[in-house]
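Residue-level listing of the chains:
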Amino acid sequence: MAIDMKEAIAEAARILLLEKKVRKLTVKDIVEECHITRQTFYYHFEGIPELFRWIMEKDSKRLMEQCLAREDEESALKYLLTVAIGLRPYVEIGVQTNYGKELAQLLIEFIYGFFEQLMERTGRYAHLSYSERKFVLRYHSGAIIGILQSWTKEDTENLDEIVHNMHLLLQGKIRPFE
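Residues numbered from 1 in each chain as written. Predicted model: local features only at pLDDT ≥ 70, side-chain atom pairs only at ≥ 80, totals over all residues. Heavy atoms only, no water.

- Named according to an unreviewed UniProt entry, the chain is TetR family transcriptional regulator originating from Candidatus Fusicatenibacter intestinigallinarum.

The structure is reproduced here in structure tokens:
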């Protein structure tokens, strides 16, 4: 029952952000949208940032499982990019709200987690020290975020080539500064 109410609250926030284009999302807006009391909202979430975190964690866990279930790294990267490109309009709307900074940070954490799990799964960079691996994770995460922020229609048309080059870069077969 608690998960169902959390889902209802999350759906109300989604409707307000994506369909009704609310820029300053408030608890009042959410409770009115899903016809609950403020007390019910605060029983399930400390506030809107926690609601966003719950939504991102739930959705990112499922997305991560789907990515990592792919047959190889390249198809996992392609799946991640395809989903990210599809979600881009929603992310842009969310980042423009009064909780934009929190959402942006959650996205960074998700992409970092994706590469961290990929690294653990493949054993890639096992020869590096802990701090070196953390740096590589930050580097790859930042690169993906930068690529997604400047994504174009032409990039979508060249998705396979971009994914292939990203995969080669991850494998160390091409180097960005040589």
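## So, the layout of surface pockets
If a probe the size of a water molecule is rolled over the atoms, the empty space left behind becomes visible.
Argument step 1. What the largest pocket holds in volume is close to 1,200 Å³.
Argument step 2. Along its surface, the largest pocket is lined by 36 residues, and Met56, Leu87, Tyr90, Val91 and Leu107 are the ones closest to its centre.
Argument step 3. Elements with a minimum of two residues in the lining of the largest pocket: α1 (2–19), α4 (48–68), α5 (73–95), α6 (100–122) and α7 (130–149).
Argument step 4. It is α5 that contributes the most residues to the lining of the largest pocket, ten residues altogether.
Argument step 5. Partitioning the lining of the largest pocket into residue classes produces 24 nonpolar, four polar and eight charged. (1 Å grid on protein atoms, 1.4 Å probe; cavity = no way out; pocket = protein on both sides within 12 Å on 5 of 7 lines; lining within 4 Å. Points joined across faces, edges and corners; volume = space filled by probe spheres on them. Helix = DSSP H or I, 4+ residues; strand = E, 2+ residues; numbered from the N terminus. Nonpolar A, V, L, I, M, F, W, Y, C, P; charged D, E, K, R; others polar.)

## A closer look at empty space enclosed by the protein
Argument step 1. On inspection of all chains with the given rule, the structure shows one cavity of 30 Å³ or more.
Argument step 2. Space inside the largest cavity adds up to approximately 50 Å³.
Argument step 3. If you go around the largest cavity, the residues you meet are Phe115, Leu118, Met119, Thr122, Arg124, Tyr125, His140 and Leu170.
Argument step 4. With four residues, the single largest contributor to the lining of the largest cavity is α6.
Argument step 5. In the lining of the largest cavity, the residues fall into five nonpolar, two polar and one charged.

## Section: unusual backbone geometry
Argument step 1. We note that His35 has phi near 55 degrees; this positive angle belongs to a residue other than glycine.
Argument step 2. Within the secondary structure, His35 is located in the loop between α2 (27–34) and α3 (38–44).
Argument step 3. Non-glycine residue Tyr125 carries a positive phi angle of around 70 degrees.
Argument step 4. Mapped onto the elements, Tyr125 comes out in the loop between α6 and α7.

## Focus on the environment of His44
Argument step 1. Residue position: His44 is located in helix α3.
Argument step 2. Note on His44: relative accessible area 12%, which makes it buried.
Argument step 3. Between the C-alpha atom of His44 and that of Tyr112, which follows or precedes it by 68 residues, the distance is 27 Å. (Buried < 20%, exposed > 50% of the residue type's maximum accessible area, 1.4 Å probe, protein only.)

## Description of the UniProt feature "DNA-binding region" (unreviewed entry) in the chain
Argument step 1. Cross-referencing UniProt, the feature "DNA-binding region" (unreviewed entry) maps to residues 26–45 in the present numbering.
Argument step 2. Taken end to end, residues 26–45 comprises 75% helix and 0% strand; its first and last C-alpha atoms sit 13 Å apart. (UniProt positions renumbered as here; feature names shortened; annotations may be inferred.)

## Quick notes on the nonpolar core
Argument step 1. Grouped together as the largest cluster of nonpolar side chains are 28 residues, with contacts concentrated most on Leu77, Ile111, Phe114 and Phe115.
Argument step 2. Contributions of two or more residues to this core are made by α4, α5, α6, α7 and α9 (159–171).
Argument step 3. If you tally residues by element for this core, the top one is α6, at seven residues.
Argument step 4. Among all residues touching Leu77, those that are not within four sequence positions of it are Phe114, Phe115, Val163, Met166, His167 and Leu170. (Core = buried A, V, L, I, M, F, W, Y, C linked by side-chain atoms within 4.5 Å. Contact = heavy atoms within 4.5 Å.)

## Focus on α2
Argument step 1. Along α2, the positions that sit buried rather than exposed are Val27, Ile30, Val31 and Cys34. Looking straight down α2, one finds that the buried residues subtend no more than 95 degrees of arc, so they occupy a single side.
Argument step 2. Trailing α2 by a residue or two, His35 shows a phi angle of about 55 degrees, which is positive. (Arc of directions from axis to C-beta.)

## Quick word on a nonpolar patch on the surface
Argument step 1. Judged by side-chain polarity, Phe135, Tyr139 and Phe177 come together as a nonpolar surface patch covering roughly 380 Å² of accessible area.
Argument step 2. By the secondary structure assignment, Phe177 is in the segment after α9.
Argument step 3. On the basis of relative accessibility, which here comes to 72%, the residue Phe177 falls in the exposed class. (Patch = residues over 30% accessible without salt bridge, like charges linked within 9 Å, V, L, I, M, F, W, Y side chains within 5 Å. Areas by Shrake-Rupley, 256 points an atom, 1.4 Å probe, with all protein chains shown as cover. Salt bridge = Lys/Arg side-chain N within 4 Å of Asp/Glu carboxyl O.)

## Structural notes on the packing of aromatic side chains
Argument step 1. With the rule as written, the count across this model stands at three aromatic pairs.
Argument step 2. For the pair Phe41 and Tyr42, a centre-to-centre distance of 5.2 Å together with 90 degrees between the ring planes defines the contact as edge-to-face.
Argument step 3. Look at Tyr42 and you get partly exposed, because its relative accessible area is 39%.
Argument step 4. An angle of 65 degrees between the planes, with centres 5.8 Å apart, marks the rings of Phe45 and Trp54 as edge-to-face.
Argument step 5. Residue Phe45 is classed as buried on the basis of its relative accessible area of 1%. (Phe/Tyr/Trp six-rings, centres within 6.5 Å; stacked < 30°, edge-to-face > 60°.)

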